[in-house]
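Tertiary structure, described
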Amino acid sequence: MNDTEVAKSADDLRPGDRVEVEIGPVAHGGHCVARYQGRVVFVRLGLPGETAVVEITEARRGSFCRGEVVEVLRADPRRVEAPCSHFRPGGCGGCDFQHASGDLQRELKASVVREQLSRLAGLDRPVSVEELPGGGFGWRTRVRWALDPEGRIGPRAVRSHRVEGVNPTEPCLIAAPGLNELAATVEVPSGVHRPASAGSQHRSGRQVRGRAARPELPEVVLTAAGDGRRLAIWPDQPGTHQVPTVTEHAIGRDFSVAADGFWQVHPAAADTLSGAVAQALTDLELIGASSWDLYGGVGLFSEVLAEAVGESGTVVSVEGDRTASALAVQNMAIHPQVSVVLGSVEKVIDDLPDTVDVVVLDPPRAGAGPALCEQIAARAPAVIVYVACDPAALGRDTAALMAAGYRLDTLRAFDCFPQTHHVECVARFLPA
Ligand SMILES: C[S@@+](CC[C@H](N)C(=O)[O-])C[C@H]1O[C@@H](n2cnc3c(N)ncnc32)[C@H](O)[C@@H]1O
């Protein structure tokens, strides 16, 4: 430790203090767990097994602290130099693992999935996270960035409202080609108002607790569509404006998608996940079967199900977003066996046909929830394929499905979001 670092009691830790710690296991959320005199510190920018000086960024009275590595004293051999200028203490909150090699990142994510399944569902099973083609950078085809009072556009800084302005000379390295240029040149439409001043912002621009403390900054969705177009959509733009539709390509066909609507953000993810869902169904005789595609979006997995059940079967896609649902109708028009229901899954499930053989569900980050899992299990499908973007939600819902008579059969995990802590899982459940 040098002069600026303090050896103080764990109870007295305050933001700005620097402490030396041994970094422990990775935890869900992109940080590792360390202890300083027994007090838990969630540490960003460290790796398990490292010794580091950590600057405290948040200290909740009587509870845990948060901190960031500012100096590595003993490094993991697979630590790498982060290539992005925005990846630094107090910097961009979009990436978590740029300081780890790609294979180490996938090991960290695998251990999080394994730990969540163990803690929440009591399962102990090996997990490996599969790499997607295309490399670790330049993959993010959709970003939702904020506009700050100075006119900068970019992702928000970690646990803060401050905008990390990006441009072609200081680009976001995970953004798809063209998006940094678009962020630097896009015109703000009249009616989208910049906040008047930075006066309401947190002085340091860092470590504001929770999202509630964020001022309302206008946001822009930048899309690098599969059809080559680069588009900027301002969701806060007042009045009626038509959001353009773009064309994305996956599993050998085109899908129409709203430029600001849901589509997998990694260019290889739609193919990869559809392949994993198809694989989870291959050894089952499904021609003529009835199926549900819950949280169906514009119909990606309905396409897989339509193939699996054939024209003598049925697919009911349920999607809550009006635009996505309308586009699913359009995209699935070639499959007479597919019908699309607009509505929230939780509300419409009771109105769906009583018997179902196959359920695919791909909920947003919060997961389906135990109540919905019980309702699905009560219909006694022969197989449930759960596509999950949050390992904690998957762990909780796995426990609910197990309690309702299902067992986790196969589990694949994919690195659809390199450099971040996010990971996508495809889990197959069969009757126990
Ligand atoms: C993770 S996306 C999956 C979309 C699709 N399966 C795909 O891969 O393209 C989740 C989808 O669920 C929709 N959604 C979110 N909450 C919902 C709800 N409660 N009921 C129905 N749909 C919902 C969203 O609009 C979004 O299209």
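Whatever comes next refers back to the structure up there.
This is a predicted model, so every value here is computed, not measured.

Calculation rules
- Residues numbered from 1 in each chain as written.
- Predicted model: local features only at pLDDT ≥ 70, side-chain atom pairs only at ≥ 80, totals over all residues.
- Heavy atoms only, no water.
- 1 Å grid on protein atoms, 1.4 Å probe; cavity = no way out; pocket = protein on both sides within 12 Å on 5 of 7 lines; lining within 4 Å.
- Points joined across faces, edges and corners; volume = space filled by probe spheres on them.
- Nonpolar A, V, L, I, M, F, W, Y, C, P; charged D, E, K, R; others polar.
- Helix = DSSP H or I, 4+ residues; strand = E, 2+ residues; numbered from the N terminus.
- Buried < 20%, exposed > 50% of the residue type's maximum accessible area, 1.4 Å probe, protein only.
- Arc of directions from axis to C-beta.
- Contact = heavy atoms within 4.5 Å.

1. Comments concerning empty space enclosed by the protein
- Tallied over the entire structure, the rule returns 2 cavities of 30 Å³ or more.
- Of the volumes computed, that of the largest cavity is approximately 50 Å³.
- What lines the largest cavity is simply Ala 27, His 28, Gly 29, Gly 30, Phe 97, Leu 108, Lys 109, Val 112, Pro 391, His 421 and Val 423.
- Within the lining of the largest cavity, the residues separate by chemical class into 6 nonpolar, 4 polar and 1 charged.

2. Examining unusual backbone geometry
- The residue Arg 159 is not glycine, and still its phi comes out positive at about 45 degrees.
- You can see Arg 159 is positioned in the loop between strand 8 (153–154) and helix 2 (179–185).
- In this structure Arg 159 comes out as partly exposed when scored by relative accessible area, which is 29%.
- For Gln 419, which is not glycine, the phi torsion reads 80 degrees and is therefore positive.
- Position of Gln 419 relative to the elements: it lies in the loop between strand 18 (406–415) and strand 19 (424–431).
- Note on Gln 419: relative accessible area 6%, which makes it buried.

3. Details of helix 7 (residues 370–378)
- Within helix 7, burial applies to Leu 372, Cys 373, Ile 376 and Ala 377. Considered in projection along helix 7, the buried side chains sweep an arc of 140 degrees and stay on one side of the axis. Of the exposed residues in helix 7, the ones pointing more than 90 degrees away from its buried face are Ala 371 and Ala 378.
- Packed against the buried residues of helix 7 are strand 13 (290–294), helix 6 (345–348), strand 16 (358–361), strand 17 (383–388), helix 8 (391–403) and strand 18.

In short, geometric facts, not functional conclusions.
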